Amino acid sequence: MKKRVRIYAVLLALALLLSGCGNAQTQTGMDGTAGQTERENGQGSLADDRETAEADKSVYMDPAQDVESRVEALLAQMTLEEKIAQMVQPEQAGITAEDVSEYGFGSVLSGGGSAPSTGNSAQDWQQRVNELKAAALQTRLGIPLLYGVDAVHGNNNVFGTVIFPHNIGLGAAGDPELTERVAQAAAEEVRAIGVQWTFAPTLGNPQNERWGRTYECFSEDPQEVAVYGAASIRGFQGELGTEEYLDEKHVLACAKHFIGEGYTTDGINQGDVAMTQEEFDLLLESGVIDPYAAALNEGVRTVMISFNSVDGVKCHENRHLIRDILKGELGFTGLVVSDYNAIQQLSGATYKEQIRQGIDAGVDLFMEVYSWQDFMKNMKALVEEGSVSAEQIDDAVSRILRVKFEAGLFEETIGAETEQALLKKVGGEEHREIAREAVRKSLVLLKNETQDGKSALERLNAAENIRVCGQKAYDLGSQCGGWTISWQGMSGKTTQGTTIIDGIAAQVMPEKKLSHDVKGEVLEENDAVIVVIGEGPYAETDGDRTADALKVSADDAVMLENLKASLKEQGKQDIPVIAILIAGRPLNITEYLDDFDALIMAWLPGTEGEGVADVLFGEYDFTGKLQYTWMKDPADIEDKFAEGNEDKVLFPAGFGLSK
Ligand code: BGC
């Protein structure tokens, strides 16, 4: 798997070089090729005229001083180059520890699937992260490095960690306290590898599930998102105003992506919200801003800007949204980070102009993953020619430093005892139990037909010889979905965990007989069928679909046909067929509904597949409810919220049966 990622990375780097632009979104374990090339192109060293004065650490290194005094004392000693370096966030795969000590980057990220070159265990990560963190302390001022990853459903890049249900499942679970515990467990697994920041949670409220990021969002309703988003932030960071807030067991959360991503035309990722700015402002006021207000209230200190545009203007260059609304009306004093190379999508004709637009709009920290050197050079030129003011730079850097002080980075001991203790908890039973509970609660029972006075699930429980059909029944990668080990996720045994069929086996065997068939064939002796179907893994734009493609995978469609034929052939049309849907969003399931006696929406449950069996066969009942309106035909998605649309809706938001 690794090898494929690497070949892909090299090809991508080549493609970028040939196209002469760095605009493409390149999440994967890049091996530094792109960064190397930039350096070889000779953009000159920025370290040439660096000040050599010895740092006066008396105030800023003193935890007894208040944060603002520390920020001020440090800022006053920084050269322009040092300030600009704080404002950039390269990808770890494109830099060395020496780069960190030489340039003094403010932050580093590992994008989706970007594991250390040494391997993908938690130990490999801890070593790499701490190597870079230690390098930052070698700089003149010794400003600690802020390391960020996308822990969007657990510390999901790292092999062997616990993968929790994606947010769409947590929303369905309807238990904010559980969402909080999930985030807290994830925070521990992140902190265990030395990372202090997660780019989560996503606070969008998708209106159109054709969007490939629907599963990253809790609900279509912003009020619900506000509740679960706040709970998630509380879990990641610890409760504001208590001792645990941003302590060594917690991580900084990031409210993303600001704002409007769920409203793009046709659900296109990074697309346009076709409204005037005035209309959009009204939309925000109507409640779409509320998840952000709730997040700020919860003490979130970082916000990531969204790739989407409003009326053709990218959010990253929308001063009104970032400066007037987020930093102005909402009073946000933390740091604003741009999304992955998003600056390169701005309207400016040159990279330099795009950077100017970004800082002018209010971006503080620039996730310019492989073009960091170019970024620093251009930002410096912008200041020298007067297009960016010293005040703008100071404001951005103050925000970055403020968050670092608040998060205790200046007091952090690299690889401290707590970190080592947490490392032992990675992928452990305690966290797996929380994930299993989350799976149980996230399941939504959509159909449970009664026949001869018995529900389909009762008949399943009475069965003695169960046939499990479909490849997704034993596909750990598919049940985890995107953002798992690799950016896009992958089918197969990509990490450690329990598949749905293993979970069922553990519950029913040896009392019942259990057999499995990928193709959907049943045997004469079977008296119940469980069929697992759905979507394969995807992330971001790769998950965008046309309305007619919003259905179960082609393989699963073929399998369902076989199953139907096989049931008929065996004269087994009256045995209960229980369908489990593994998908990141509502799919077009209407044509199959009559073939299923029961239907369970399991979303993307993650590594703890036993949670499904717990409810199917155990003493637990279904409690999950839909947070999304489910249309009969995705062609009618646009009418989802229209009045008098009842006949187009298959299952309304809020729907969910019990046994
Ligand atoms: C995504 C962000 C993510 C970032 C860093 C981008 O492609 O839009 O959600 O945090 O990559 O991996």
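Along each chain, residue indices are assigned from 1 in the same order as the chain's sequence is written. Given that this is a predicted model, residues contribute local features only at a pLDDT of at least 70 and side-chain atom pairs are listed and counted only at 80 or more, while totals for whole chains, interfaces and linings are drawn from all residues. Hydrogens and waters are ignored; side-chain quantities use all the structure's heavy atoms.

## A word on the overall build of the protein
Starting at the N terminus, helices and strands are each numbered in turn, a helix being any DSSP run of H or I of at least four residues and a strand any DSSP run of E of at least two. When helices and strands are tallied, the protein shows 22 helices and 19 strands. Note that the radius of gyration is over C-alpha atoms, with the globule rule given as 2.2 Å times the number of residues to the power 0.38. Taken against the 2.2 N^0.38 rule, which gives 26 Å for 659 residues, the C-alpha radius of gyration of the protein at 25 Å falls within 12% of a compact globule. Methods summary: accessible areas were calculated by the Shrake-Rupley approach with a probe of 1.4 Å, and residue burial reflects only the protein chains presented. As displayed, the protein has an accessible area near 23100 Å², and 49% of this comes from carbon and sulfur atoms. The charge count includes Lys and Arg as positive and Asp and Glu as negative, but it does not include His or the ends of the chains. Charged groups are reduced to one reference atom each: NZ for lysine, CZ for arginine, CG for aspartic acid, CD for glutamic acid. Where the 57 positive side-chain charges of the protein centre and where its 107 negative ones centre are 4 Å apart.

## Considerations on helix 21 (residues 554–569)
Given the number of residues in a helix, its expected span is that number minus one, multiplied by 1.5 Å. Here helix 21 spans 23 Å end to end across 16 residues, near enough to the 22 Å set by a 1.5 Å rise per residue. Here helix 21 has its buried residues at D556, M559, L560, L563, S566 and L567. Each buried residue of helix 21 lies within a common arc of 130° when the element is viewed along its axis, so the set occupies one face. Looking at helix 21, the residues exposed on the side facing more than 90 degrees away from the buried face are A554, V558, K568 and E569. Think of it in three bands: residues with accessible area under 20% of the maximum for their type are buried, residues over 50% are exposed, and the middle band is partly exposed, with areas taken using a 1.4 Å probe on protein chains only. For this quantity, the arc is that covered by the directions from the helix axis to the C-beta atoms.

## Points about the packing of aromatic side chains
In summary, the pairing rule links any two rings of Phe, Tyr or Trp, Trp by its six-membered ring, whose centres are within 6.5 Å, and it sorts them by plane angle into stacked for under 30 degrees, edge-to-face for over 60 and tilted for everything else. Tallying each qualifying case throughout the model produces 13 aromatic pairs. Seen from their ring centres, F651 and F655 are 5.3 Å apart, and the 20° between their planes marks the pair as stacked. F655 sits in the partly exposed class, given a relative accessible area of 25%. Grouping aromatic residues by their ring pairs yields a cluster made of Y60, F405 and F410. Just above the ring of W483 sits the side chain of K256; from NZ or CZ to the centre is 5.8 Å. A ring has a charge above it when a Lys NZ or an Arg CZ is no more than 6 Å from the ring centre and no more than 35 degrees off the ring normal. Directly above the ring of Y538 sits R545, whose terminal nitrogen or CZ lies 5.3 Å from the centroid.

## Some remarks on the sheet that holds strand 7 (residues 309–310)
DSSP calls a pair of strands paired once it identifies at least 2 bridges connecting them. In space, the three strands of this open sheet follow the order 5-7-8, with mixed pairing throughout. With one partner strand each, in any of the chains shown, strand 5 (272–273) and strand 8 (313–314) form the two edges of the open sheet. Note: strand 5 against strand 7, two bridges, orientation parallel. Each residue of the ladder has a partner; that of D272, found in strand 7, is S309.

## Considerations on the environment of S232
If you trace the backbone, S232 turns up in helix 9 (residues 222–237). Residue classification places S232 among the buried residues on the basis of a relative accessible area of 5%. In this structure, the C-alpha to C-alpha distance between S232 and L170, residues 62 residues apart in sequence, is 9.8 Å. Residue contacts are counted whenever heavy atoms from the two residues lie within 4.5 Å of one another. Discounting chain neighbours no more than four positions away, the residues touching S232 are T179, A183, P201 and F218.

## Let's talk about unusual backbone geometry
Residue P201 is reached from A200 by a cis peptide bond, and omega for that bond is 5°. Along the chain, M509 connects to P510 via a cis peptide bond; the corresponding omega equals 5°. One can find P510 in the loop between helix 20 (500–508) and strand 14 (513–517). Even without being glycine, N341 reaches a positive phi, approximately 55°. In this structure, N341 sits in the loop between strand 9 (335–337) and helix 13 (351–361). What makes N341 buried here is its relative accessible area of 4%. We note that W603 has phi near 55°; this positive angle belongs to a residue other than glycine. Along the chain, W603 falls in strand 17 (residues 598–603).

## Some thoughts on empty space enclosed by the protein
Definitions used for this entry: grid spacing 1 Å over protein atoms alone; cavity, a set of points where a 1.4 Å probe fits but cannot get out; pocket, an open set with protein on both sides within 12 Å along at least 5 of 7 lines; lining residue, one with an atom within 4 Å of a point. Grid points are joined across faces, edges and corners, and a volume is the space filled by probe spheres set on the points. Enumeration according to the criterion identifies six cavities of 30 Å³ or more in this entry. Computed from the structure, the largest cavity encloses a volume of approximately 90 Å³. If you go around the largest cavity, you meet 16 residues; those closest to its centre are V152, N167, V182, S232 and F236. Mapped onto the lining of the largest cavity, the elements with two or more residues apiece are helix 7 (167–173), helix 8 (176–191) and helix 9. Each residue is assigned to one class: nonpolar for Ala, Val, Leu, Ile, Met, Phe, Trp, Tyr, Cys and Pro, charged for Asp, Glu, Lys and Arg, and polar for all the others, Gly among them. A breakdown of the residues in the lining of the largest cavity according to their chemical character gives 11 nonpolar, five polar and no charged.

## Here's the deal with the packing of helix 13 against helix 14 (residues 372–384)
For helices, the fitted line uses only the C-alpha atoms of the stretch in contact; every axis is such a line through C-alpha atoms, and the angle between N-to-C directions lies from 0 to 180 degrees. The interhelical angle for the contact between helix 13 and helix 14, taken along N-to-C directions, is 75°, at an axis separation of 9 Å. As the angle between them shows, helix 13 and helix 14 are arranged roughly perpendicular. On the side of helix 13, the interface is formed by Y351, K352, I355, R356 and I359, while helix 14 contributes D374, F375, N378, M379, A381 and L382. Should an angle fall under 35 degrees it is called roughly parallel, over 145 degrees roughly antiparallel, and 65 to 115 degrees roughly perpendicular, with every other angle called oblique.

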